[in-house]
Amino acid sequence: MFSKVCVFLVIASAVNSVAGQGFPGSGSAGPPPTSGGGNPGIGTSGPPSGGGFGSAGRPTGSGGQNYVCVPIGTCSSFTIDVRIVTPGNQQQNPCPAGQEPCYTTGNNPGNPCGLGTTQCGTRLASVTSNADGFSQRGAFPWQAFIVNQTGYAGSGVLIDPYHVVTAAHKVVQNQNNPRNIGVYMGIWESTDVSTAQYRVVSRVSIHPQYNSASLRNDIAVLRLENCFTLGQSNYINTACLPTQGQSFVGQNCLVSGWGETSFRLNDAPTMRQKQVTVPIVPYATCRASYAQSNLLGNRVDFYLDSVGEICAGGQSMRDACTQDGGAPLVCPVNGRYTVAGLVIWGKGCGAPGVYGVYTNVPNYVNWIQNTVNTQ
Ligand SMILES: *[C@@H]1O[C@H](CO)[C@@H](O)[C@H](O)[C@H]1NC(C)=O
């Protein structure tokens, strides 16, 4: 029977099932809710104007906002107003030449979001292998481990300290009860939260054209009540967003997650994060495959969407699988990783010639940014 929501990593060397071991978010030892009201700042309005120079240490803006000076373009937020330093523009930039202020929230001392400490898409480990199998800790520091009131819910990707992008089908049930959803960052072993941070979700924004029957426009933005602290020691970073409409067809990209290692094995979340390399294929290739009568036949164009979806994989035992939903498919661009897709569905997992279907994130960048800026 065709399963629409089949998402997950099939790795040739299957790992042992860890069902029953528990994982963060389940049981009584669940995460403490983070207290406090919403944070101002990222995403809610433009950055404040910088105030005077601090005489020593970290400077403080006139509105009480803090900032750190970072090389231009490296502040880990796309809402930052990059003030290019030109001779006529010196006074607006409180930082030394070649640097820009990276603002943090007004009421928090220091740099609670770790802004400027990392560059988007940069791994926080010296990764020695992209071979299929277990990942190395820190190889996918943008990967979010999402829980709901019943435990592990799915995966997602951190795009700035306050926002996670995921598949709508993983969070839509809690659209009106966002605080039922929590996000862990910095997780590698799903049974070990010692290095992880946990944040409660304060708003779920589902794409307005999301269709739960066809899974078209299967994308959502989660706004967090408090920011995650980016940083090397936390193993937490953002992935880069692509440009609107950017194509990754023909590239070999990586998908990572804690999903099932085999279709219906029911072993998700697996204990340790896994990774698999998959080629992104032309839409026509994918459609031709799914149009076969043993797959979707004449229902192919109900499910497959040439604009909102991309396909990757098609190689035996190299695929995402059930419970990998929302997991990011990332492609290297000059050594940094950009989000190309989010795991949404497939038919079975890891069957040769049957592709994994992903939300075509580059087609939603404008929507993501508008949502972040108005959430
Ligand atoms: C929690 O997430 C799981 C996995 O995605 C899902 O099966 C379950 O229905 C969700 N629970 C609620 C109450 O949304």
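Residues numbered from 1 in each chain as written. Predicted model: local features only at pLDDT ≥ 70, side-chain atom pairs only at ≥ 80, totals over all residues.

*Asks:* Before we move on, could you go through the site of the ligand and cite the residues and values that matter?
*Replies:* Neighbouring the ligand are the residues Asn-148, Gln-149, Thr-150, Ala-153, Gly-154, Lys-170, Gln-173 and Asn-174. The class makeup of the residues in the shell around the ligand is one nonpolar, six polar and one charged. (Near = placed C-beta within 6 Å. Nonpolar A, V, L, I, M, F, W, Y, C, P; charged D, E, K, R; others polar.)

*Asks:* Got a sec to walk through the nonpolar core? Specific residues and values, please.
*Replies:* The tendency in soluble globular proteins is for nonpolar side chains to be buried as a group. Membership of the largest hydrophobic core comes to 84 residues, with the highest contact counts inside it found for Leu-222, Ala-239, Cys-253 and Ala-340. Among the elements that make up this core, the one with the highest residue count is strand S14 (residues 336–345) (seven residues). In this view, Leu-222 contacts Gly-156, His-163, Val-164, Thr-166, Val-171, Ile-181, Val-183, Val-201 and Val-204; residues no more than four positions away in its chain are not counted. (Core = buried A, V, L, I, M, F, W, Y, C linked by C-beta atoms within 7 Å. Buried ≥ 20, exposed ≤ 12 C-beta atoms within 10 Å, placed from the backbone. Helix = DSSP H or I, 4+ residues; strand = E, 2+ residues; numbered from the N terminus. Contact = placed C-beta atoms within 7 Å.)

*Asks:* Account for the pairing of strand S7 (residues 182–185), with residues named and values stated.
*Replies:* In S7, alternate side chains face the same way, and those of Gly-182 and Tyr-184 on one face and Val-183 and Met-185 on the other are all buried. As defined by bridge partners, strand S4 (residues 143–148) adjoins S7 across three bridges and the pair is classed as antiparallel. Opposite Phe-145, over in S7, you have Tyr-184 as the bridge partner. Pairing between S7 and strand S8 (residues 197–206): four bridges, direction antiparallel. Residue Val-183 lies in a different strand from S8, and its bridge partner there is Arg-199. (Pairing = 2+ DSSP bridges.)

*Asks:* Go over unusual backbone geometry with me, naming the residues and quoting the values.
*Replies:* If you check the backbone angles, Asn-217 has positive phi at about 55 degrees while not being a glycine. Turning to its location among the elements, Asn-217 is positioned in the loop between S8 and strand S9 (220–224). One non-glycine residue, Asn-334, adopts positive backbone phi at about 50 degrees. Relative to the helices and strands, Asn-334 is located in the loop between strand S13 (328–333) and S14. Assessed through the 6 C-beta atoms surrounding it within 10 Å, Asn-334 is described here as exposed.

*Asks:* Please give an account of the environment of Tyr-283 that cites residues and values.
*Replies:* Here Tyr-283 shows up in helix H2 (residues 283–290). Look at Tyr-283 and you get partly exposed, because 16 C-beta atoms sit within 10 Å. Taking C-alpha positions, Tyr-283 is 8.5 Å from Glu-309, a pair spaced 26 residues apart along the chain. Not counting residues within four places of it along the chain, the set of residues in contact with Tyr-283 comprises Ser-306 and Cys-311.

*Asks:* Describe the sheet that holds S4, and please don't skip the residues or the numbers.
*Replies:* As summarised here, the arrangement of the six strands in space is S4-S5-S6-S9-S8-S7, forming a closed barrel in which the pairing is antiparallel. Shown here is a sheet whose adjacent strand axes are inclined to one another by a mean of 40 degrees, direction ignored. Two elements, strand S6 (residues 163–166) and S9, share four bridges in a ladder whose sense is antiparallel. The residue bridging His-163 from the neighbouring strand is Arg-223, located in S9. Against the sheet, helix H4 (residues 365–374) engages strand S5 (151–160), S6, S8 and S9, with an angle of about 25 degrees to S9. (Axes fitted to C-alpha atoms, helices over the stretch in contact; angles between N-to-C directions.)

*Asks:* Please give an account of the pairing of strand S10 (residues 252–257) that cites residues and values.
*Replies:* With respect to burial, S10 is a largely interior element, five of its six residues being buried. When S10 meets strand S11 (residues 274–281), the two strands line up antiparallel, connected through six bridges. In the strand pairing of S11, Cys-253 is matched with Val-278. The pairing of S10 with S13 spans two bridges and is antiparallel. Bridge pairing in S13 places Leu-254 opposite Val-330.

*Asks:* So what's going on with the environment of Cys-311? Which residues, and what values?
*Replies:* Mapped onto the secondary structure, Cys-311 falls in strand S12 (residues 309–313). Distance from Cys-311 to Thr-285, taken between C-alpha atoms, is 8.7 Å for residues 26 residues apart in sequence. When neighbours within four sequence positions are excluded, Cys-311 is seen to be in contact with Val-281, Tyr-283, Cys-286, Tyr-355, Gly-356 and Val-357.

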